[in-house]
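Residue-level listing of the chains:
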Amino acid sequence: MSQWEVKTILVGYDGSDGAERAVELAQEVAQLRKASVVVLSAFPHQSHVVIATDDKITHDIDQASEKAASAVTRLRAAGVNTVTDVAEGPAAHALLEAAENRGADLIIVGCGDHHRLEKLLGSTCEEVVRRATVPVLVAR
């Protein structure tokens, strides 16, 4: 049986405790496998806004990029080849689409304590685990 190759790791990042643990795991796996890491931060879809101005969208993109910046800085300081990506829409959909577009071999997501609404609707990590076409590592 051939060894599983991990060249590209996609990690979802939103600043939560679970996302922080996901970044730590991404760093360890990337260092072991000499893989690169894509840190993805998603921002809410604007369809519910009556008029989504360019300034509002730019602000949302900037906020999502800022969230991921500290994770990217830490990974790069540890010697991991890292890039950032920002996507609009629900986090699970953004992660799954980015995994396909980036050719990710592994997705790492954080799952924390679930709120009542998440239990009813399903969390991002649960949706990613159910729908991903590549292995998913869940950080708790």
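Structure's up top.
Cut-offs used in this document
- Every chain begins its residue count from 1, and numbering advances along the sequence as written.
- Note on the predicted model: pLDDT of at least 70 is required for a residue's local features to be given, and 80 or more for side-chain atom pairs to be given and counted; whole-chain, interface and lining totals, by contrast, use all residues.
- Based on all heavy atoms of the structure, the side-chain values leave hydrogens and waters out of the count.
- Segments assigned H or I by DSSP are reported as helices when at least four residues long, segments assigned E as strands when at least two residues long, and all are numbered from the N terminus.
- Note on classification: 1.4 Å probe, protein chains only; a residue is buried when its accessible area is under 20% of the maximum for its type, exposed when over 50%, partly exposed between these limits.
- Contact between two residues is taken to exist if any of their heavy atoms lie within 4.5 Å; hydrogens are not considered.
- Surface accessibility in these figures is a Shrake-Rupley result with a 1.4 Å probe; residues are shielded only by whichever protein chains are displayed.
- Grid points spaced at 1 Å over the protein atoms alone were grouped into cavities, where a 1.4 Å probe fits but cannot get out, and pockets, open sets with protein on both sides within 12 Å along at least five of seven lines, with lining residues defined by an atom within 4 Å of a point.
- Grid points are joined across faces, edges and corners, and a volume is the space filled by probe spheres set on the points.
- Under this definition, polar contacts are N or O atom pairs within 3.5 Å; protein pairs additionally need one hydrogen-donor-capable and one acceptor-capable atom, and for neighbouring residues in sequence, both atoms have to be side-chain atoms.

K.L.:
Can you help me understand the overall build of the protein in this one?
P.N.:
Scanning the protein from terminus to terminus reveals five helices and five strands. Reading the secondary structure of the protein in the N-to-C direction produces β-α-β-α-β-α-β-α-α-β. Scored against the burial criterion, the 140 residues of the protein give a buried share of 36%. Within the protein, contacts between residues at least 6 apart in sequence are counted, and of these 77% link residues at least 24 apart. Roughly 8500 Å² of accessible area belongs to the protein as shown, and the carbon and sulfur atoms make up 51% of that amount.

K.L.:
I'm lost on the layout of surface pockets in this one. Help?
P.N.:
Any space left empty among the atoms is revealed by the rolling of a water-sized probe across them. Counted as a void, the second largest pocket has a volume near 170 Å³. Contributing to the lining of the second largest pocket are His93, Leu96, Glu97, Ala99, Glu100, Ile107, Arg131, Ala132, Thr133 and Val134. Ranked by residue count, the leading element in the lining of the second largest pocket is helix H3 (residues 91-102), at five residues.

K.L.:
Before we go on, may I ask you to explain unusual backbone geometry in this structure?
P.N.:
Peptide bonds are trans in most cases, and residues, glycine excluded, mostly fall at negative phi. Of note, Lys34 is a non-glycine position whose phi angle comes to about 55°, a positive value. Relative to the helices and strands, Lys34 is located in the loop between helix H1 (17-33) and strand E2 (36-43). The class for Lys34 is exposed, based on a relative accessible area of 76%.

K.L.:
Just checking my understanding: could you explain the side chain of Ser41 for this structure?
P.N.:
Along the chain, Ser41 falls in strand E2. Ser41 gets classed as buried once you look at its relative accessible area, which sits at 1%. From its side chain, Ser41 meets the backbone oxygen of Tyr13 in a polar contact 3.4 Å long.

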